[in-house]
Amino acid sequence: MDEDHSNGGFLETGKADRSVWLMKCPVVVAKSWKSHTASSSSSDSQSVAKVVLSLDPRKPDDPSSLQFTMELAGSETGNIPKNYSLNMFKDFVPMCVFSESSQGRVAMEGKVEHKFDMKPHEENLEEYGRLCRERTNKSMIKNRQIQVIDNDRGVHMRPMPGMVGLISSNTKDKKKAAPVKQTEMKRTRRDRGELEDIMFKLFERQPNWALKQLVQETDQPAQFLKEILNELCVYNKRGTNQGTYELKPEYKKSVEDTGAE
């Protein structure tokens, strides 16, 4: 350990060889002991708990026959369970305990001989479970406060410098806000036979039509028009009429015959 000469620079080792126990305890027990220590005077030596060691006389040399239990002392524990089981471990990394006073003096309090895990006794499991549920429910409650602002004249409601236009600058919001074309929303499909008659009349007027022109003329959804055009027409992929539709030869003849009549 490094020496700090500003605080004397010494480590007290008078209790270095003392055997101590290291115990892991529930949070509620630790808080109860801490509050008890804070409320007690320095001259008060009242204990906070009692450890009970049980030994099976038929197996005095068997380590597994040792059973440790702890009973919390005092009546100020409230609804905290008072009886606990202590599970002892000997196989752990060697550790020492140190303390530091308010004046900065550091002392070695001893070496850890036994390590314990503290858990509620079987008779207190239901009570402890209820306590944990209550603690969880309390932690989930959000304490919100409403503050009434008088004579503020809306100062806190005004946008801060640089806040204007932040929402519109988000590309995702722009995509979401893209309006749907009103013309597409209003277009409803006609009867298929009625639409075919309209298409034949349009092709009597002129032999070649682009899809966009037909959508404007018929006021029909583009996808529905494509279905009809694939049956009645040929799409010109090249040439002077590239990108337009014209009637298939068999339908051209029927349209010409109808026009002649």
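Below you will find a few notes about this structure. (Residues numbered from 1 in each chain as written. Predicted model: local features only at pLDDT ≥ 70, side-chain atom pairs only at ≥ 80, totals over all residues. Heavy atoms only, no water.)

**Some details on the overall build of the chain**
In terms of regular secondary structure, the chain is built from eight helices and nine strands. Nonlocal contacts in the chain, meaning residues at least 24 apart in sequence, comprise 57% of its contacts between residues at least 6 apart. For the chain, the exposed area adds up to about 20,500 Å²; of that, 51% sits on carbon and sulfur atoms. (Helix = DSSP H or I, 4+ residues; strand = E, 2+ residues; numbered from the N terminus. Contact = heavy atoms within 4.5 Å. Areas by Shrake-Rupley, 256 points an atom, 1.4 Å probe, with all protein chains shown as cover.)

**Details of unusual backbone geometry**
In this model, Asp219 sits at a positive phi of 55°, which is unusual for a non-glycine residue. Mapped onto the secondary structure, Asp219 falls in the loop between α6 (211-218) and α7 (222-232). Overall, Asp219 belongs to the partly exposed group, its relative accessible area being 43%. (Buried < 20%, exposed > 50% of the residue type's maximum accessible area, 1.4 Å probe, protein only.)

**Notes on α6**
For an α-helix, the turn length of 3.6 residues means that residues three or four places apart are oriented alike. Listed as buried for α6 are Leu214, Val215 and Thr218. Down the axis of α6, the smallest arc covering the buried residues is 105°, so these residues share one side. Projecting away from the buried face of α6 at angles above 90 degrees are the exposed residues Lys212 and Gln216. Contacts made by the buried residues of α6 are with α5 (192-205) and α7. Just beyond α6, the residue with positive phi is Asp219, at close to 55°. (Arc of directions from axis to C-beta.)

**What about α5?**
End to end, α5 covers 20 Å across 14 residues, agreeing with the expected 20 Å (1.5 Å per residue, within 8%). Among all positions of α5, only Leu195, Met199, Phe200, Leu202 and Phe203 are buried. Buried residues of α5, viewed axially, fall in a sector of 160°; they line one side. α5 presents Lys201 and Arg205 as exposed residues on the side facing more than 90 degrees away from its buried surface. Sitting at the amino-terminal end of α5 is Asp191, which places a side-chain oxygen 3.2 Å from the backbone nitrogen of Gly193. (Expected span 1.5 Å × (residues − 1). Polar contact = N/O pair within 3.5 Å; in protein donor to acceptor, adjacent residues only side chain to side chain.)

**Overview of the packing of α5 against α7**
Remark: α5 packs on α7, axes separated minimally by 11 Å, with the N-to-C direction vectors making an angle of 65°. With respect to α7, the element α5 is oriented roughly perpendicular. Handedness of the crossing formed by α5 with α7: right-handed. Each of Arg192, Leu195, Glu196, Met199, Phe200 and Phe203 in α5 lies in contact with α7, whose residues at this interface are Phe224, Leu225, Glu227, Ile228, Leu229, Glu231 and Leu232. Split into classes, the residues belonging to the contact of α5 with α7 amount to nine nonpolar, no polar and four charged. (Axes fitted to C-alpha atoms, helices over the stretch in contact; angles between N-to-C directions. Parallel < 35°, antiparallel > 145°, perpendicular 65-115°, else oblique. Left-handed = near helix turned anticlockwise from the far one by under 90°. Nonpolar A, V, L, I, M, F, W, Y, C, P; charged D, E, K, R; others polar.)

**Topic: the environment of Phe89**
Secondary-structure assignment places Phe89 in strand β5 (residues 83-89). For the pair Phe89 and Leu22, spaced 67 residues apart in sequence, the C-alpha separation works out to 9.9 Å. Those residues in contact with Phe89, other than ones at most four positions away along the chain, are His114, Lys115 and Asp117.

**Section: the packing of aromatic side chains**
Here the structure, examined in full by the defined rule, presents four aromatic pairs. Ring geometry for Trp21 against Phe68: centres 5.6 Å apart, planes inclined by 85°, an arrangement best described as edge-to-face. Residue Trp21 is located in strand β2 (residues 19-24), and its partner Phe68 is located in strand β4 (residues 67-72); the two are separated by 47 residues in the primary sequence. Since its relative accessible area comes to 9%, Phe68 is described here as buried. Relative to Tyr245, the ring of Tyr235 lies with its centre 5.0 Å away and its plane at 55°, an arrangement referred to as tilted. (Phe/Tyr/Trp six-rings, centres within 6.5 Å; stacked < 30°, edge-to-face > 60°.)

**Focus: the pattern of salt bridges**
Tallied over the entire structure, the rule returns eight salt bridges. The shortest N-O distance in the salt bridge between Glu109 and Lys15 comes to 3.9 Å. Note that Glu109 is positioned in strand β7 (residues 106-120) and Lys15 in the loop between β1 (11-12) and β2, a separation of 94 residues in sequence. You can call Glu109 buried: its relative accessible area is 18%. We note a salt bridge from Glu109 to Arg18, for which the minimum N-O separation is 3.2 Å. Placement of the pair is Glu109 in strand β7 and Arg18 in the loop between β1 and β2, with a sequence separation of 91 residues. With relative accessibility at 39%, the residue Arg18 sits in the partly exposed group. Bridged by salt links that share partners, the residues Lys15, Arg18 and Glu109 form one connected network. (Salt bridge = Lys/Arg side-chain N within 4 Å of Asp/Glu carboxyl O.)

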